[in-house]
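# Summary of the model geometry
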Amino acid sequence: MASGGGSVASLWTEVNRCGQNGDFTRALKALNKILHEVKDDVTALHCKIVCLVQNGSFKEALNVMNSHSKVLGSDVVFEKAYCEYRLNRVESALKTIEGASEQTDKLKELYGQVLYRLERYDECKAVYTDLIRNSQDEYEEERKTNLAAVVAAMSQWEQASPDSLGLPESTYELCYNAACTLIGQGQLTEALNKLRQAEEVCRVSLADDSDVTEEDIESELAVIHSQMAYIMQLQGRTEEALQLYNQVIKLKPSDVGLLAVTANNIITINKDQNVFDSKKKVKLTNADGVEYKLAKKQLQAIEFNKALLAMYTNQADQCRKLSSNLQSQNPGHPRPVLIQVAQLCREKQHSKAIELLQQFSDQHPESASGIKLTMAQLYLTQGHVTKACDILRSIEDFKHKPGMVSALVTMYSHEEDIDSAIDIFSQAIQHYQSKQPGSATHLALVREAANFKLKYGRKKEAISDLEQLWKQNPSDIHTLAQLISAYSLVDTDKAKSLSKHLPSPDTMSFNVDVDELENSHGANYVRKKAAKVTGENLPKEQGQGEIKKKRKKKKGKLPKNFDPKVAPDLERWLPMRERSYYRGKKKGKKKEQIGKGTQGATAGAAAELGKALRCPFVALPMNPRWKSPAGEQRKQLMLFWPK
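Predicted, not measured: the structure shown is a model, and the values here were computed from it.

Parameters and conventions
Residues numbered from 1 in each chain as written. Predicted model: local features only at pLDDT ≥ 70, side-chain atom pairs only at ≥ 80, totals over all residues. Heavy atoms only, no water. Helix = DSSP H or I, 4+ residues; strand = E, 2+ residues; numbered from the N terminus. Buried < 20%, exposed > 50% of the residue type's maximum accessible area, 1.4 Å probe, protein only. Contact = heavy atoms within 4.5 Å. Areas by Shrake-Rupley, 256 points an atom, 1.4 Å probe, with all protein chains shown as cover. Phe/Tyr/Trp six-rings, centres within 6.5 Å; stacked < 30°, edge-to-face > 60°. Lys NZ or Arg CZ within 6 Å of the ring centre and 35° of its normal. Salt bridge = Lys/Arg side-chain N within 4 Å of Asp/Glu carboxyl O.

### Observations regarding the overall build of the protein
- Scanning the protein from N- to C-terminus turns up 33 helices and zero strands.
- Each of the 643 residues in the protein was classed as buried or not, and the buried ones make up 42%.
- Sequence-distant contacts, at least 24 apart, represent 59% of the contacts inside the protein between residues at least 6 apart.
- Counting every atom, the protein has about 37,600 Å² of accessible surface; 50% of that belongs to carbon and sulfur.

Now the structure itself:
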């Protein structure tokens, strides 16, 4: 036993020396010998776990902890959570941390990282704010960088506008994260300037290190350049953006997340063109470990773009498979359904596409507005204008918007359904009368309704609208004239009484010198005064001068289908609509005129309908820079190393 005890003591000496030198592989061999002698030595087990973690053998370290859980107890909570985190078992790491009896500083540090990976940004922000406030060590800069990353992520992925925390911008990582926050807030020009500042700070800070090569600097700048390209793409500078993206790809950075986002954005620029290049780039989005590097919204957008690329490359089965998977993962998201509908439309299966849209609209009423717009577009392409109108009228969110009113009135007019068009105007006017009486939109709708009714001979119905407009603005002579014109066919006495409000001819006359106006520069017509006839200018008699040749009158041309035996149409000079035998146009003709809008109407609804079947590719920003304090965590692990 004495010799065994001496052997164990010498082994501990070896373990301590190897630990100080960082030779954890040799230390691990010595620890295994110790555990062979003393099977359940808590210190030896703890040191073995530390060695395995330092060597990156996280799974083996976790197995040791699980198999000796009774002996180790709660002494290795941090190590267990850290191994689970590094093995991407983030939910398990969270449970381990939350189940700890004491929340130490090192556990809080790891807790913040776990919350960031789980995209629970509000809680993560609170953790890092507390750590910065209560910690005083050399890792303050890393914590501030991570707090800036949390704020940027909230801005980019949650469209939140967090309060300014007064974080410094002394490092390029902090500058970069500040730029990410500005991108999320839509301040693209300011974000681009901030990224240029980050690039300059990065070059200066790395230039002082003699061991850093130019290639290393360019590799470090790759994420900044990719984010710059994203801003340029949003600004419409696609050529410059594409050039920067390709520069990043050529560097072949080790960050698979950076490569995936850059490749995705190149695909969004290519769209349905240059599909061969897009098919090569899409492979970069499938690299191992991408799912652990990107946010959920980034991964979702990449999958959407893959499905669209499959559709544009005529891979119908692949498109259906990808969109079905997306729908199962995101059952309430409309984009997977729209991709399936677009694919069905390419295959001329419009009825099936409408059925699919109707089914989704019934199951997810919160997303029904956009889906119903697509249904209306499909009905219009098939010539079912009335059905399209019924669908549009069922959209409560857009029902009374001027653009929707314009589209509906245009379509009903095309179908010769004037009563329904007037009903649309009446409902919209009543809505704004109760919600926003006297607003610009309300009065504009009233005026359009009056003009529409006058156009189609509904002067009695137009009178109330015109009276309402005139009461709002009694000095509006044009409206008053329209009102008098309408009353002249209905109530002549009322028309005469209203005509008294018209301005007198004296007030409408102007003191204008007509001769001076006619002789002014730029007059189109000048009245010439008759010249006096003198003896020299007397007209010559017919025999004295040249006899003017008489021009022969040309015979009028007759129509090609002229038949002298048939009497000409006596109403041929009247417009077709005013002829006695006019019965209206047949429905279904001139479908291409739908969507041109009524006079004075906005193009909003037409634009919405036009976009309905388009499924655009989605470009993505880069993630904020996160400085994982692995050095500090490993230092914390070494605290358990025997002296």
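After that view, the rundown keeps rolling.
### With respect to the packing of aromatic side chains
- With the rule as written, the count across this model stands at five aromatic pairs.
- A ring pair is formed by F58 and Y82, whose centres lie 6.1 Å apart and whose planes are at 75°; its orientation type is edge-to-face. Within this pair, whereas F58 is found in helix α4 (residues 58–67), its partner Y82 is found in helix α6 (residues 77–86), the two being separated by 24 residues in sequence.
- For F58, a relative accessible area of 10% corresponds to the buried category.
- The exposure class of Y82 is buried, given its relative accessible area of 1%.
- Taken together, a centroid distance of 6.2 Å and an interplanar angle of 15° make the contact between F78 and Y82 stacked. Residue F78 and its partner Y82 are located together in helix α6, separated by four residues, close to a single helical turn.
- On the accessibility criterion, F78 (3% relative accessible area) is buried.
- Connected via pairs of aromatic rings, a cluster forms that spans F58, F78 and Y82.
- Taking the ring centre of F304 as reference, the NZ or CZ of R335 above it sits at 5.6 Å.

### What to know about the side chain of K281
- With respect to the helices and strands, K281 occurs in helix α16 (residues 275–281).
- Setting aside chain neighbours within four positions, we find K281 in contact with N246, A263, I266 and I267.

### Side note on the pattern of salt bridges
- Under the counting rule described, the total for this entry stands at 18 salt bridges.
- Between K144 and E140 there is a salt bridge whose closest N-O contact spans 3.1 Å. Of this pair, K144 and E140 both sit in helix α10 (residues 140–157), separated by four residues, roughly a single helical turn.
- The salt bridge involving K194 is made with E169; its shortest N-O contact spans 2.9 Å. Here K194, found in helix α12 (residues 188–207), pairs with E169, found in the loop between α10 and α11 (172–184); they are 25 residues apart in sequence, far enough to count as distant.
- By relative accessible area, K194 is classed as buried at 18%.
- With a relative accessible area of 33%, E169 lands in the partly exposed category.
- Several salt bridges converge on common partners, so that one network encompasses E199, R203, E214 and E218.

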